[in-house]
Amino acid sequence: MESPKAASGPGADFIRQVVAADVASGRYGGRVVTRFPPEPNGYLHVGHAMGVCLNFGIAREFGGRCHLRYDDTNPEKENEEFVRSIEEDIRWLGFDWGEHLYFASDYFERMYECAEVLIAKGLAYVDSQPTDAIREGRGTVTEAGVPSPYRSRSPDESLDLFRRMRAGEFEDGAHVLRGKIDMASPNMLMRDPVLYRIRHAPHYRQGDAWCIYPLYDYAHCLEDAFEGITHSICTLEFDNNRELYDWVLDNVGFEEPRPHQYEWAGLDLEGAVLSKRNIKPLVDAHVVSGYDDPRLATLAAYRRRGVPPEALRLLSQLVGVSKTGAKTEEAKLDFAIREVLNPLAPRVMAVLDPLKVVVTNYSAGKAEEIDAPYFPHDVPREGSRPVPFSRELWIERSDFAERPPKGFRRLVPGGGVRLRYAYVIRCDEVIKGPSGEIIELRCTYDPDIRSGVSPEGRKTKGTIHWVSAAHALEAEVRIFGRIFLDYDHEGEVAKDGGVTAAPLNPESLMVLPNVRVEPSVGADPVDTRYQFERTGYFWRDPVDAVGGRLVFNRIVPLKDTWAKRESEPAVAEPMPAPPQAGAGDERPRPRVQDPAMAARVARYRDELGVPEEHAEVLADSPAFFERALAAHTNAPDVASWIAVDLRGLLEGRSLTDLPFDGSAVGRLVGLVAQGRISRRAAKDVLARMVSEGGDPEALVESMGLAQVSDPGVLGAAVDAVLARWPEKVAEFRAGKESLLGLFVGEVMKQTRGAADPAAAKRLLGERLRG
RNA sequence: UGGCCCGUCGUCUAAUGGCAGGACACCGGUCUUUGGAACCGGCGGUGGUGGUUCGAAUCCACCCGGGCCAACCA
């Protein structure tokens with residue numbers, strides 16, 4: 001397993017594509033350095049596991065390295081227990097940081113020096129407002145903030161204050177260091193962010209060495225830069241922080257190539273409580289037994305439950321990497337676990353909810369041993385164990401039905417069923433207790449039918465598992481379910497540090513106290529992961545299965561298509577989907593406020609016949625447009641090229657930043673209008689002009705794009721393409737006309753973009769259809 | 001309400017102007033001494049409206065929907 005996905009090229013995720021491109025271009029001299037940067041303030045969970053797989057995985061695939069770095073800049077929340085658990089979890093997952101273990105707290109001195117640089121440059125100042133004032137001064141998402149009265153403090157004064165902050169002259173909260181950026185920025189994080197604060201608290205590693213501590217946005221980018229990280233990968237919610245990340249690095253003086261931040265969605269797993277903030281209260285309030293309670297989604301919990309680390313790595317592959325914030329179904333994790341365990345886990349029999357069966361025609365004192373293979377025919381592994389058979393057996397209560405539903409293939413009164421690896425039995429009598437509950441089944445067996453021997457006419461459809469009562473081992477089994485009943489509330493655990501009102505699932509932990517297991521397991525290694533036939537994958541609970549006591553955790557159930565059928569509601573509830581509210585034929589209203597611009601828009605629209613939405617764009621850079629118009633007078637045409645095609649290439653720049661002016665665009669449009677180049681070719685030229693500058697006529701020449709519409713030349717290209725794709729031609733003729741685009745595309749490629757696509761399409765149509 | 005990010009089968013994800021593909025789930029079948037596994041088949045998608053183009057999931061505009069941001073947390 002673990003077939004590595006493509007590390008680059010189409011099909012690779014967008015982050016791997018970036019890394020591959022940077023390696024190819026030599027941006028970092030071929031180096032790839034990632035990092036996994038947990039704060040040691042809690043246990044790792046599945047979401048982190050995906051981050052571990054991503055960062056360590058990329059490093060591995062590209063021959064780089066991945067640092068484990070503790071982001072321990074907050075003395076109040078962090079401790080050694082958490083650093084210990086994090087290391088254990090990452091190793092368990094199968095990754096190794098080698099010698100690259102780092103602590104942000106080791107960088108405090110260097111970070112401090114960088115802060116003095118910022119102050120000296122006038123890019124940071126000591127603010128002496130109280131917390132509330134700073135918060136209020138920041139404004140809101142719709143209103144600009146107001147500058148602090150201390151914003152104009154001189155660098156010298158700030159420097160003095162900052163040094164005294166470090167020296168411990170002030171109380172907590174008396175001053176902070178702030179970046180001097182832009183109190184009106186639409187990005188709240190840029191409104192003079194707090195960089196340092198005073199906190200007289202012992203740090204778990206630094207003790208009392210410091211009483212000022214850096215904040216995340218200041219610290220994290222510096223940590224990356226100090227370590228020479230190339231690709232700093234984090235989750236979507238840090239998107240807004242990237243601007244500040246870049247600001248700090250650029251202004252402290254880190255030059256390219258320096259680290260850059262990339263955001264991906266991370267994992268949101270259905271039914272799992274996925275944030276340290278929400279897990280902690282569950283532990284503190286003893287809703288669960290600890291960070292390793294198997295109901296939790298922490299790695300410690302998965303490990304204890306018996307989930308193999310390979311399954312989590314598989315899950316990471318299945319889920320993939322994107323920027324779409326989305327929720328992954330639990331079924332995918334279950335699949336990954338079964339996928340890993342199926343070829344590995346020995347099969348063994350255990351009866352979870354026992355019902356006594358007496359085989360009346362089997363002698364009381366007799367017992368025989370059946371040699372049962374550990375693996376089914378389709379798992380290529382060796383091994384077997386003896387399974388004792390005797391007169392009294394346990395079978396699963398759910399494997400008998402007095403009044404069987406349609407399709408029931410197990411034991412019924414007067415009916416027969418195969419005992420796995422053993423005989424076929426028939427139920428002769430049902431014995432009930434005083435209140436009518438079934439307490440015993442009296443059956444007879446057919447001594448002629450054993451293991452594989454099945455005379456004609458005696459076909460038995462169902463097979464059930466069983467254990468010999470006299471030989472069985474007693475065990476406890478624990479079955480785990482989701483903690484919260486409601487799918488929607490799992491994110492709202494701890495609004496106020498307590499456990500929320502969200503309803504808990506009373507069946508999140510089900511203890512089965514009377515389980516009977518076949519005796520062979522008594523001799524197995526304690527960390528054996530079994531498949532209990534027909535029920536699921538199990539292993540001994542590593543904490544509570546002590547001193548010979550057998551306690552099994554269910555890792556994951558087997559797929560059970562019968563149970564699914566059983567639990568189907570009698571009447572499918574009607575679910576009328578509300579009609580999509582998305583109908584949007586509202587007239588887009590003009591957003592132009594500036595009267596001069598509005599006048600230009602009106603003129604372009606009314607006098608030149610330019611569509612209004614294009615006119616709005618052009619009115620922004622009138623000079624560019626006018627010059628283009630001077631070179632080619634068809635206004636709507638020019639407008640469309642600028643407003644649509646050129647704009648698409650801008651990537652945030654403005655028209656005036658371009659290495660050419662409007663007239664070059666006008667001339668290019670003219671070439672198209674004269675039929676000298678195809679539109680397609682013109683777009684290639686335009687792209688080249690944007691990236692490298694240059695003159696359109698010369699580029700057409702040097703790129704060999706003069707339009708080809710001569711039927712002879714075109715025909716040859718068409719024939720060549722058709723000859724190269726015989727199967728596709730057949731498919732097309734069989735009706736798959738969407739392939740026409742493929743053929744046109746191939747002709748365009750064949751002629752390196754010079755063909756007249758309309759002509760090519762016409763020709764293709766004739767050849768293909770006629 | 002300002003800024004940013006994101007919308008592709010039920011779910012996750014490919015397609016980087018040219019064949020909408022894979023996986024999970026689901027449904028059906030084959031096989032089976034596990035109602036497992038395996039194998040075969042099926043269902044099913046580009047949020048909407050316009051625009052550009054020979055050709056749009058992809059580029060442009062607007063709309064709709066979801067998420068993030070106003071800790072001296074990370």
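Please refer to the structure higher up on the page.
The structure presented is a predicted model; accordingly, all values stated were derived computationally and were not measured. (Residues numbered from 1 in each chain as written. Chains lettered and ligands numbered in written order. Predicted model: local features only at pLDDT ≥ 70, side-chain atom pairs only at ≥ 80, totals over all residues. Heavy atoms only, no water.)

**Student:** A description of the side chain of T298 should follow, citing residues and the corresponding values.
**Tutor:** Tracing the backbone through its elements, the reader meets T298 in the loop between α9 (276–284) and α10 (299–305). There is a polar contact of 2.6 Å between the side chain of T298 and the backbone oxygen of Y291. Once residues lying within four places of it in the same chain are set aside, the contact partners of T298 are Y43, L44, H45, I279, Y291 and D292. (Helix = DSSP H or I, 4+ residues; strand = E, 2+ residues; numbered from the N terminus. Polar contact = N/O pair within 3.5 Å; in protein donor to acceptor, adjacent residues only side chain to side chain. Contact = heavy atoms within 4.5 Å.)

**Student:** Residue-level account of the sheet that holds strand β3 (residues 101–103), with values.
**Tutor:** In spatial order, the strands read β1-β2-β3; together these three strands make up an open sheet with parallel pairing. In this open sheet, the two edge strands, each paired with only one partner strand, are β1 (33–36) and β3. Along the sheet, successive strands turn relative to each other by an average axial angle of 35°, direction set aside. Sheet analysis places β1 next to strand β2 (residues 65–70), joined by four bridges and oriented parallel. Along β2, the bridge assignment pairs V33 with R65. Against the sheet, helix α2 (residues 46–61) makes contact with β1 and β2, and its axis sits at roughly 160° relative to β1, the strand it touches most. Where helix α7 (residues 216–227) meets the sheet, it contacts β1, β2 and β3, and its direction lies at approximately 140° from that of β2. (Pairing = 2+ DSSP bridges. Axes fitted to C-alpha atoms, helices over the stretch in contact; angles between N-to-C directions.)

**Student:** Which residues make up a positive patch on the surface, and what are the values?
**Tutor:** A contiguous patch of positive charge, built from K406, R409, K461 and R565, is present on the exposed surface. Considering the arrangement of structural elements, one finds R409 in the loop between β17 (392–396) and β18 (416–419). (Patch = residues over 30% accessible without salt bridge, like charges linked within 9 Å, V, L, I, M, F, W, Y side chains within 5 Å. Areas by Shrake-Rupley, 256 points an atom, 1.4 Å probe, with all protein chains shown as cover. Salt bridge = Lys/Arg side-chain N within 4 Å of Asp/Glu carboxyl O. Lys, Arg positive; Asp, Glu negative; His and termini not counted. Charge placed at Lys NZ, Arg CZ, Asp CG, Glu CD.)

**Student:** Describe in detail empty space enclosed by the protein, supporting the description with residues and values.
**Tutor:** In this structure the tally under the stated criterion is one cavity of 30 Å³ or more. Quantified by volume, the largest cavity comes out at close to 40 Å³. Y216, D217, H220, C221, N241, L244, Y245 and Q261 together form the lining of the largest cavity. Elements with a minimum of two residues in the lining of the largest cavity: α7 and α8 (242–252). Here the element with the most residues in the lining of the largest cavity is α7; it accounts for four residues. (1 Å grid on protein atoms, 1.4 Å probe; cavity = no way out; pocket = protein on both sides within 12 Å on 5 of 7 lines; lining within 4 Å. Points joined across faces, edges and corners; volume = space filled by probe spheres on them.)

**Student:** Explain the sheet that holds strand β14 (residues 354–359) to me, and be specific about the residues and the numbers.
**Tutor:** Spatial strand order, β21-β18-β19-β20-β14-β17-β22: seven strands in an open sheet with mixed pairing. Looking at the sheet topology across the chains shown, the edges are occupied by β21 (463–464) and β22 (466–468). Pairing between β17 and β22: three bridges, direction antiparallel. Across the sheet, the residue bridging to W394 is V467, located in β22.

The analysis is restricted to geometry; functional conclusions fall outside its scope.
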